Amino acid sequence: MAGRAQIATKNSALIAMIADEDTVTGFLLAGVGNVDVRRKTNYLIVDSKTTVKAIEDAFKEFTTKDDIAIVLISQYVANMIRFLVDGYNKPVPAILEIPSKDHPYDPAHDSVLSRVKYLFSAESVASGRR
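Structural notes, computed from the coordinates. Every chain is numbered independently, its residues counted from 1 as its sequence is written. Owing to the predicted nature of the model, reporting of local features is limited to residues with pLDDT of at least 70; listing and counting of side-chain atom pairs is limited to 80 or more, with chain, interface and lining totals taken over all residues. Side-chain metrics in this entry use all non-hydrogen atoms of the structure; hydrogen atoms and water are not considered.

1. Brief notes about the pattern of salt bridges
Part 1: Counted as salt bridges are all cases of a side-chain nitrogen of Lys or Arg within 4 Å of a carboxyl oxygen of Asp or Glu. Counted by the stated rule, this structure contains six salt bridges.
Part 2: Among the salt bridges present, the one from lysine 53 reaches aspartate 57, with a minimum N-O distance of 3.0 Å. Taken together, the positions of lysine 53 and aspartate 57, both in helix H2 (residues 52-64) and four residues apart, correspond to about one turn of that helix.
Part 3: Accessibility here uses a 1.4 Å probe with only protein chains present; expressed as a share of the type maximum, an area under 20% marks a residue as buried, one over 50% as exposed, and anything in between as partly exposed. On the basis of relative accessible area, lysine 53 is assigned to the exposed category, the value being 51%.
Part 4: With a relative accessible area of 35%, aspartate 57 lands in the partly exposed category.
Part 5: Here arginine 82 makes a salt bridge to aspartate 86, at a shortest N to O gap of 3.6 Å. Residue arginine 82 and its partner aspartate 86 are located together in helix H4 (residues 82-87), separated by four residues, close to a single helical turn. Helix and strand assignments come from DSSP, with helices taken as H or I runs of at least 4 residues and strands as E runs of at least 2, each series counted from the N terminus.

Next up, the structure:
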């Protein structure tokens, strides 16, 4: 279809993760992990020693790789780099904020949810519904 973003891979696309150790471990056990020929992984484990610069670099790397379709990021980590997450506007890879064990999900801070609410409110105004 014209205008749709395509994932440029041969057979499949990857899911990237930026989250705490427990969350990343759970997804790795489910088979999400990948290590390429340069020994680069598709995840970043964030702990108290992880710098904001490292999180920013991982986000930029994951959102520019052609083989990644979805970036899962813990919401509390996304809040550390909120300016990057809110400024990202490409459909692929999709950015999804997820809760973590120690930090519950807050819909007020979810950039994707706020965009969807905005689109539906603009659509309902345009169609005369409210």
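Having seen the structure, we can now continue with the description.
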